[in-house]
Amino acid sequence: MPELPEVETVRRELAATLVGRTVTEVAVHGPRTVRRQSVRRFRAGLTGRRVLDVRRHGKYLLIGCDGGTLVVHLRMTGRLSLEDGAPGGVIPHTHAVLSLDDGRRLRFVDPRTFGELFFATEGDQLLADTVGRLGPDAADGGIGPEALGRLVGRRRTSLKAFLLDQAMIAGIGNIYADEICFAAGLRPDRSTATLGADDLARLAVAVRAVLSRAVGSRGTSLGDGGYRDLFGDPGGFQAEHAVYGRGGRPCPRCGTAIEKSRLAGRSTHWCPRCQG
DNA sequence: AATGGGGCCTGAGAGC
DNA sequence: TGCTCTCAGGCCCCAT
């Protein structure tokens, strides 16, 4: 579920609370969450490390420590939470708990177990296999019309599939792909081969505008099991969705009913009048 | 070679 | 009430 705005919200909260802390203990429950390396190596690598900074590339969280980086990907249902005081009751689907030197704990919960954690040292192949395959971050100020044009290249695919491709631009998921297409006035099934300079210009503006507004609203939370931040609080951007999750309801700009269908295997929403 | 579809998992909600 | 079915925000892998 979490896309760039949600991961960025968590990143900011982690940066404000974790930097300077030392990991005193690492507990892993169930091997699937730490699947790129042995649990032994994960625990040995992370235990005793001090957190220096918290960065993000696309949907990956990069918690920089002295001697390596804790890499976190929340995938669909992963959630990080910070807890004070004594351990409470058992929280279902807890796959990892990091104890900190100030008595707090960082918990990783993930019902669908798609999310993952690993600890990488500098130059680690694990980094090349994951973060290293990403395109530029979608919130990177350098993604203008020219950069988009270069990324599109000779690709012949739908605009939606292009926006979702993390090797092209990193950080956009299904919700924001739909919102960006709407903001740019472009149909999500529009072929990238037909995009002109003016389309790319509107697309570049839309990417930046939608993501920056979403970060400002601390991301999107849908339903009960949806995204929550480090302290359990939901985001607010769902109230500003123009198309996502609004199939059959009126377009906020022209009132035409929003279309919903499947594209690139994903639910897709758009206004048939405003997007061409 | 790039692209679309299936698979990985569990839970929520709809429909009967 | 309770069962079954569909769907879900991501990404890897495979066949085409």
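(A) Representation of the side chain of Arg190 in the model. Here Arg190 shows up in the loop between helix H6 (174-184) and helix H7 (197-216). A polar contact of 2.7 Å, which involves the side chain of Arg190, links it to the side chain of Thr194. Among the polar contacts made by the side chain of Arg190, one reaches the main-chain carbonyl oxygen of Gly276 at a distance of 3.2 Å.

(B) Seen up close, the protein's contact with DNA strand C. Taken together, 21 residues lie near DNA strand C, and Met1, Lys59, His73, Arg262 and Arg266 sit nearest. Close to the protein, within 4 Å, the atoms of DNA strand C belong to sugar or phosphate groups at a rate of 59%. Between a phosphate oxygen of DNA strand C and a side-chain N or O atom of Lys59, the distance comes to 2.7 Å. Contact distances for DNA strand C include 2.7 Å between a phosphate oxygen and a side-chain N or O atom of His73. Of all elements in the fold, only H6, strand E9 (259-263) and strand E10 (266-270) reach the threshold of two or more residues within the surface near DNA strand C. Looking at the surface near DNA strand C residue by residue, the classes come out as seven nonpolar, seven polar and seven charged.

(C) Spatial organisation of the pairing of strand E7 (residues 105-109). The element E7 is largely enclosed, with a buried count of five among its five residues. Alternating positions in E7 separate into two faces, Arg105, Arg107 and Val109 on one and Leu106 and Phe108 on the other, with burial throughout. For strand E5 (residues 79-83) and E7, the ladder comprises five bridges, and the chain directions are antiparallel. Bridged to Glu83 within E7 is Arg105. With five bridges connecting them, strand E6 (residues 94-100) and E7 associate as antiparallel partners. Across the sheet, Thr94 pairs through a bridge with Val109, a residue of E7. Counting the residues between successive antiparallel strands, the hairpin from E6 to E7 contains four residues, one of them, Gly103, with a positive phi of roughly 90 degrees.

(D) Representation of the pattern of salt bridges within the structure. Following the criterion strictly, the structure yields 21 salt bridges and no others. The partner of Glu83 in a salt bridge is Arg107, with the nearest N and O atoms 2.5 Å apart. In this pair, Glu83 sits in strand E5 while Arg107 sits in strand E7, placing the two residues 24 residues apart along the sequence. Taken as a pair, Glu83 and Arg107 share a single burial class, namely buried.

(E) Up close: the packing of aromatic side chains. Counted under the stated rule, the structure contains one aromatic pair. Over the aromatic face of Phe182 sits the side chain of Arg253, whose NZ or CZ is 4.9 Å from the ring centroid.

(F) Molecular detail of unusual backbone geometry. You will see that Arg75, though not glycine, has its phi angle at about 45 degrees, which is positive. Of note, Arg75 is situated in the loop between strand E4 (68-73) and E5. Positioned with a positive phi, Thr113 is a non-glycine residue whose angle comes to about 60 degrees. Structurally, the position occupied by Thr113 is in the loop between E7 and strand E8 (116-120).

(G) Looking closely at the sheet that holds strand E3 (residues 60-65). Read across the open sheet, the four strands follow the order E2-E3-E4-E8; overall the sheet is antiparallel. Pairing within the sheet leaves two strands with one partner each, and these edge strands are strand E2 (51-57) and E8. The sheet shows a mean angle of 20 degrees between the axes of neighbouring strands, direction not considered. The pairing of E3 with E4 spans six bridges and is classified as antiparallel. For Cys65, the partnering residue across the bridge sits in E4 and is Gly68. On the sheet, helix H1 (residues 4-18) packs against E2 and E3 and is oriented at approximately 170 degrees with respect to E2. Sheet strands touched by helix H2 (residues 39-46): E3, E4 and E8. Its angle to E8, the strand with the most contacts, is close to 60 degrees.

Calculation notes
- Residues numbered from 1 in each chain as written.
- Chains lettered and ligands numbered in written order.
- Predicted model: local features only at pLDDT ≥ 70, side-chain atom pairs only at ≥ 80, totals over all residues.
- Heavy atoms only, no water.
- Helix = DSSP H or I, 4+ residues; strand = E, 2+ residues; numbered from the N terminus.
- Polar contact = N/O pair within 3.5 Å; in protein donor to acceptor, adjacent residues only side chain to side chain.
- Near = heavy atom within 4 Å.
- Nonpolar A, V, L, I, M, F, W, Y, C, P; charged D, E, K, R; others polar.
- Buried < 20%, exposed > 50% of the residue type's maximum accessible area, 1.4 Å probe, protein only.
- Pairing = 2+ DSSP bridges.
- Salt bridge = Lys/Arg side-chain N within 4 Å of Asp/Glu carboxyl O.
- Phe/Tyr/Trp six-rings, centres within 6.5 Å; stacked < 30°, edge-to-face > 60°.
- Lys NZ or Arg CZ within 6 Å of the ring centre and 35° of its normal.
- Axes fitted to C-alpha atoms, helices over the stretch in contact; angles between N-to-C directions.
- Contact = heavy atoms within 4.5 Å.

Coordinates in, geometry out; function isn't part of it.
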